[in-house]
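Geometric and topological summary
Letter by letter, the chains look like this.
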Amino acid sequence: MNGTEQGSYDAVIVGAGFSGLYMLHKLRGLGLSARIYEAGTGVGGTWYWNRYPGARVDIESQEYSYSFSPELEDEWVWSERYATQPELLRYLNHVADRFDLRRDIQLETRVVTAHFNEGTNRWTATTDRGETITARYCVMATGCLSVPNDASFPGMETFQGKSWHTNSWPRDGVDFKGQRVAVIGTGSSAIQSIPVIAAEADHVTVFQRTPNFSIPAHNGPVDAEISADWKANRAQRRKEQRETGFGSLMITPGETLALEDTPESRQANYQARWDVGGFALLGGYADLIVDTDANDTAAEFVRGKIREIVKDPVVAEKLAPKSFPIGSKRICVDTGYYDTFNRDNVSLVDLRDEALEAITTTGVRTTAANYEADTIVYAIGFDAMTGALGKVDIRGRGGESLKAGWEDGPRTYLGLMVAGFPNLFLVTGPGSPSVLCNMAVAIEQHVEWISDCIGWVGARQMGAIEATAAAQDAWVEHVNEVAEPTIFPLANSWYLGANVPGKPRVFMPYIGGFSTYRDKCNEVAANGYEGFAVSSDAR
Ligand code: NAP
């Protein structure tokens, strides 16, 4: 099964982030040859590209890390409760070195096509450097949030200052001293960066189209007690983590119902969870993600906090989200976001009152005014979940294009494979818990399932494995069915592709819960890869 001549491998892996690095390590463990192709000049994926000021993870550091190597866990010490982007990038570089991965990683190379050859049961990939690679397996480790949303504001090209996109930030950073800065967007990236930029710049004007719910991180050094507990009980904590719905011990779902609790007790519950910070609040009651009235009690609690923190009541009201249930868009986790609007050098422009018309040579023009700026920061998000897959011309059986087949929304079996695309694996693809889970946990589970599957196929001398259309149809139906009664379809979120003009409105991740999903994947494998067709390899 080994094919080691130049350009020919058992597996080609696209992307050197959390997913690709572990995938390479696992495939090597099976004795296979594999090579990663990565567009960046370094490894790290998300943590390589997103270097904007204030960038940090929103899951506690010890939970947002690999669990496959106890030695790695022993030797790596996280310094903050929510690790910063530089620390995460150091960690992923350490992993690349520690497991000797770099010799099979080709940087500054973008895979542009991947075509399946039915005659040989192999994939042929080409790169933007003109190389051609063939491989039995193709693993798309391209990330869920890796393709920037298209920033096509009229007049952008005429702006005479500097402008940056949060998700392709310059490696040397940006000096905001003395600058008037316009920030467009108020999602997680903006909410993390605005307080840091405001502390340095002369003035920051925030252009908000939709306010978001944000909860304080209460970041600080890693709590010594938590650290000691994880050291002593790591295997148990990891097991518990995998048994949760979101792949994290931070969200312990309440068993009672919000509307059956008294207002006083509810307030105390929300306050306790607000004090913990981050996603804890969403676990407050069992009905918060299925009952909009219950959800509104949590939303109102957060709106109350915004009104308490922000001194100007008009600004507070503009910052208070009212158009979607809390949690139906990913909650933001911040450090001093709302308080930043009490600073004299920060102002808020509500694009619901005055629409953004154009970028001018000197700033931003709305229907009401011109706002002068020296620097513009676009914090406008991503073409999520399908964007990176759509960037590669992927063709399966009969030359069918993945992108064309997904015109009405992505269709996968378990978010792992696609009917008609044999031996093509997606790490955290649409239809899997992915972005609704701690990504580190979701990625490990997928990488391990994929390498087990590849090992199983190889051991039986099979040539190809692919999802059956029937299993895929049933899974897509199930993914929609579990999302339908929840709050998630009620927001114009990137989970639904609603942030990208023209993208079909389909809820892409699986909301059935990580542990349920993991059990399903294990059961499928235990039943001889139920729902998959395998073809023997006569070649
Ligand atoms: P986002 O949540 O999609 O936010 C993009 C923002 O830009 C929104 O406020 C959006 O407004 C605005 N926007 C987009 N197009 C616009 C336009 N044409 N005119 C005006 N405003 C526009 O993107 P993100 O902040 O990069 O975050 C995306 C996801 O990445 C997060 O949900 C999270 O999963 C992940 N992330 C995580 C962290 C972390 O804490 N670890 C940090 C950053 C990102 P609308 O809401 O009206 O569309």
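Scroll up for the structure.
All of these numbers come straight from a predicted model, not from anything done at the bench.

What counts and how
Residues numbered from 1 in each chain as written. Predicted model: local features only at pLDDT ≥ 70, side-chain atom pairs only at ≥ 80, totals over all residues. Heavy atoms only, no water. Axes fitted to C-alpha atoms, helices over the stretch in contact; angles between N-to-C directions. Helix = DSSP H or I, 4+ residues; strand = E, 2+ residues; numbered from the N terminus. Left-handed = near helix turned anticlockwise from the far one by under 90°. Contact = heavy atoms within 4.5 Å. Nonpolar A, V, L, I, M, F, W, Y, C, P; charged D, E, K, R; others polar. Buried < 20%, exposed > 50% of the residue type's maximum accessible area, 1.4 Å probe, protein only. Expected span 1.5 Å × (residues − 1). Polar contact = N/O pair within 3.5 Å; in protein donor to acceptor, adjacent residues only side chain to side chain. Near = heavy atom within 4 Å. Areas by Shrake-Rupley, 256 points an atom, 1.4 Å probe, with all protein chains shown as cover. Domains from an automatic or database assignment.

Remark: helix 8 (residues 263-276) packs on helix 9 (residues 292-309), axes separated minimally by 11 Å, with the N-to-C direction vectors making an angle of 60°. The way helix 8 lies across helix 9 gives a crossing that is right-handed. Taking contact as the criterion, the partners of Arg266, Gln267, Tyr270, Gln271 and Trp274 in helix 8 are, on helix 9, Ala294, Thr297, Ala298, Phe301, Val302, Lys305 and Ile309. Across the contact of helix 8 with helix 9, the residue classes break down as seven nonpolar, three polar and two charged.

What follows deals with the environment of glycine 363. Its place among the elements puts glycine 363 in strand 14 (residues 363-366). Exposure remark for glycine 363: the relative accessible area of 0% places this residue in the buried category. For the pair glycine 363 and alanine 182, spaced 181 residues apart in the sequence, the C-alpha separation amounts to 7.6 Å. With residues up to four places along the chain from it excluded, the contact list for glycine 363 reads Phe159, Ala358, Tyr371, Glu372, Ala373 and Ile376.

Let us look at helix 14 (residues 439-459). Across its 21 residues, helix 14 extends 30 Å between first and last C-alpha, which sits within 8% of the 30 Å expected from 1.5 Å per residue. Structurally, the start of helix 14 carries an N-cap: the backbone nitrogen of alanine 440 is 3.1 Å from a side-chain oxygen of asparagine 438. Just beyond helix 14, the residue with positive phi is glutamine 461, at close to 55°.

We now examine the site of the ligand. Not every one of the 23 residues close to the ligand is listed here, only the nearest: Thr186, Ser189, Arg209, Thr210 and Arg330. Aspartate 58 places a polar main-chain atom, nitrogen or oxygen, 3.3 Å from a nitrogen atom of the ligand. Contact between the ligand and glycine 187: an oxygen atom at 3.5 Å from a main-chain N or O atom of the residue. Protein chains shield 87% of the accessible area of the ligand, which is 900 Å² for the free molecule. Per element, the largest residue contribution to the shell around the ligand is three residues, and it comes from helix 5 (residues 188-200). Split by residue class, the shell around the ligand holds ten nonpolar, eight polar and five charged. Both domain 1 (5-147 + 384-536) and domain 2 (156-378) contribute no fewer than three residues apiece to the shell around the ligand.

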